[in-house]
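Here's the letter readout for the chains.
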Amino acid sequence: MQPGQTHEVVNQPPPFGARDLWRDDLALRQALEREGGGAFAAQVAAYGALAGGELLALSHDAHRDRPRLRTHDAAGRRIDTVEFHPHYHRTMEAAIGHGVAGLSWARPEPGAHVARAALSYLHYQAEPGSSCPLTMTHAAVPVLAREPALRPWADRVAACRYDARDLPAADKHGLTLGMGMTEKQGGSDVRANTTRATPLPGGDAYELRGHKWFFSAPMSDGFLVLAQAPAGLTCLLLPRRLPDGAPNGFRLMRLKDKLGDWSNASSEIEFDAALAWRVGEEGRGIATIIEMVMLTRLDCMLGSAGLMRMALSQALHHCRHRHVFGKALVEQPLMRNVLADLAIEAEAALALSMRVARAVDAAPRDASEAAFARVATAIGKFWICKRAPAFVNEAQECLGGAGYVEESLLPRLYRQAPLNSIWEGSGNIQCLDVLRAISREPAALAALQDELARGAGLDADYDGALARLPGALAGAREESRARRLAMHLALLLQAAALLQARSPAAASFCASRLREGPPAVFGALAGDTPFASLIGRAG
Ligand SMILES: Cc1cc2nc3c(=O)[nH]c(=O)nc-3n(C[C@H](O)[C@H](O)[C@H](O)COP(=O)(O)OP(=O)(O)OC[C@H]3O[C@@H](n4cnc5c(N)ncnc54)[C@H](O)[C@@H]3O)c2cc1C
């Protein structure tokens, strides 16, 4: 030891470092191929290396140095601008350039939605805050494409170019989009919206007056918003800049001081004679915007699956390098149980999310897949997003005290974890939607049953749980039981996805989640679980 040196630093894991998030993730590589996105493997692979390297490194500053609202310039003129850390812009540029927001529209061929889903999952692992504008941009396109006059907006998303300049949409190479539904008096119940849309003479233009209480990514070029027009709640496109370059008639009141999601700005906004163009029929706003919401909900599933994956990778890294009581943590029997259980959960979340991505991909060509996507999105959004906070907390605990300290990634992941469950329709809303689909939409129920039947005969625990399903469905008319039903269906769907994939995690998933019921804590798998192979498969 040198004079003045008090101790040697030993038994501390090396830095997590740059990772190839594609190469390290066998379950993802298999899922991309299985669900029909194999033709895009090179593109997804390239993003895996970028996301786990440069973007993960940049994300720390983009997260720590939060966006700032500047309401006025030095001369006192309103500018209603949000400033982001330069790393945020670089991240957006990389993501959009690689198709995280636009691939499905740039290359509208079979498998594109599956590949974009994989990109979205990878991106969330590196920088979840920017996933919000990316997913809204992606999801707005089918809604915009309904109106021929708005086709140039959709085309500029498909261009896969990030253009951060605050200019009118027509002057930009690429566009980003946001969404404004939630108001102070109602978020889940958007029918309570009070923002008024008054038709302007001659055409599809309206003037908005009112507010939105949550309005994320306010520097987007346009926003799909809901407002009360004469015939009822209507979907409208609100441009950030008017076509002549003047600012539109809205004011950013303040930014939300959020638990997490710090690199992303979420604002409160007021409309004062703001210009917007109608999208879809007047009075059919919810039916119009739901197409966007279905896609953002799928990204909530993918995001939470990505968050689990990153938390698991961090936990595995730590446990492989940290020694306790004479052994690496990863060799301690009880820690192996925890890690294997996390690995099963993460793979199940990914498998179901990618299966739903395939359904979204096939939906325009296959009515049954469209019906499956409709109901499985609600089931998966509820369950996967709900599992994320407990999962991240468990992964955090694998790091001991280090997992509670900001220099590790875990506090950031932990703050992010509850969000996907809250926005885009909170948990109860998803469960009520599952109930609605099952009781009122025969095609959705039939598609669900077909999918579950594909897993039959492959695992005795699965078959037992499937046999209990008719009873669960029969008692499922009451709203108070909707969570029970959604959970039952989610576990069956995850199991069916793993079984059809012939995943080595399938049997342990079925035994621990279907035979014994979902455990209250991770790490309570049966003693005969193949811990080593499950952990090894996780990378
Ligand atoms: C960081 C962040 C960013 C956001 N960004 C946006 C954005 O860009 N655009 C946007 O439009 N919104 C945005 N939101 C808003 C978000 O979508 C809403 O907060 C969410 O939909 C819930 O609405 P609410 O807050 O009004 O809660 P409420 O509607 O009051 O719901 C409160 C709780 O009651 C439950 N509930 C509601 N109805 C029922 C029922 N019938 N039975 C049982 N339980 C019920 C809900 O599930 C929820 O748990 C954002 C939210 C957050 C946190």
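Coordinates for the structure precede this section.
Residues numbered from 1 in each chain as written. Predicted model: local features only at pLDDT ≥ 70, side-chain atom pairs only at ≥ 80, totals over all residues. Heavy atoms only, no water.

Visitor: Quick one: what's the story with the overall build of the protein chain, residue by residue and with numbers?
Guide: Helix and strand content of the protein chain: 19 helices and 11 strands. Split into buried and exposed, the 539 residues of the protein chain put 58% on the buried side. If you take every contact in the protein chain between residues at least 6 apart in sequence, the share linking residues at least 24 apart comes to 73%. Element-wise, carbon and sulfur atoms account for 54% of the exposed surface of the protein chain, whose accessible area totals about 21000 Å². Between the centroid of the 59 positive side chains of the protein chain and the centroid of its 58 negative side chains there is a distance of 2 Å. (Helix = DSSP H or I, 4+ residues; strand = E, 2+ residues; numbered from the N terminus. Buried < 20%, exposed > 50% of the residue type's maximum accessible area, 1.4 Å probe, protein only. Contact = heavy atoms within 4.5 Å. Areas by Shrake-Rupley, 256 points an atom, 1.4 Å probe, with all protein chains shown as cover. Lys, Arg positive; Asp, Glu negative; His and termini not counted. Charge placed at Lys NZ, Arg CZ, Asp CG, Glu CD.)

Visitor: Tell me about the environment of Arg-537, and please be specific about residues and values.
Guide: As for its position among the elements, Arg-537 is in helix 19 (residues 531-537). When the C-alpha atoms of Arg-537 and Asp-25 are compared, they prove to be 8.4 Å apart, with 512 residues separating the residues in sequence. Beyond its immediate chain neighbours, meaning those up to four positions away, Arg-537 contacts Leu-26, Ala-27, Gln-30, Glu-347, Ser-503 and Pro-504.

Visitor: Lay out the packing of helix 13 (residues 427-440) against helix 17 (residues 482-500) in plain terms, naming residues and giving numbers.
Guide: Contact geometry of helix 13 with helix 17 gives a least axis separation of 9 Å together with a crossing angle of 80 degrees. As summarised for this structure, helix 13 and helix 17 are arranged roughly perpendicular, according to the angle between their axes. For the pair formed by helix 13 and helix 17, the contact residues are Gly-427, Asn-428, Cys-431, Leu-432, Val-434, Leu-435 and Ile-438 on the first element and Ala-482, Arg-483, Leu-485, Ala-486 and Leu-489 on the second. Along the lines of polarity and charge, the residues of the contact of helix 13 with helix 17 split into nine nonpolar, two polar and one charged. (Axes fitted to C-alpha atoms, helices over the stretch in contact; angles between N-to-C directions. Parallel < 35°, antiparallel > 145°, perpendicular 65-115°, else oblique. Nonpolar A, V, L, I, M, F, W, Y, C, P; charged D, E, K, R; others polar.)

Visitor: Summarise helix 6 (residues 128-144); cite the residues concerned and give the values.
Guide: In this model helix 6 runs 25 Å from its N-terminal to its C-terminal C-alpha over 17 residues, within 8% of the 24 Å that 1.5 Å per residue would give. Among the 17 residues of helix 6, 17 are classified as buried, and the element is accordingly described as predominantly covered. (Expected span 1.5 Å × (residues − 1).)

Visitor: Go over helix 8 (residues 285-321), please, and point to the residues and values.
Guide: In this model helix 8 runs 54 Å from its N-terminal to its C-terminal C-alpha over 37 residues, within 8% of the 54 Å that 1.5 Å per residue would give. Of all the bends found along helix 8, the most pronounced is centred on Glu-291 and spans about 35 degrees. (Bend = angle between axes of the 7 residues up to and from the residue.)

As far as function goes, none of this settles anything; it's purely spatial.
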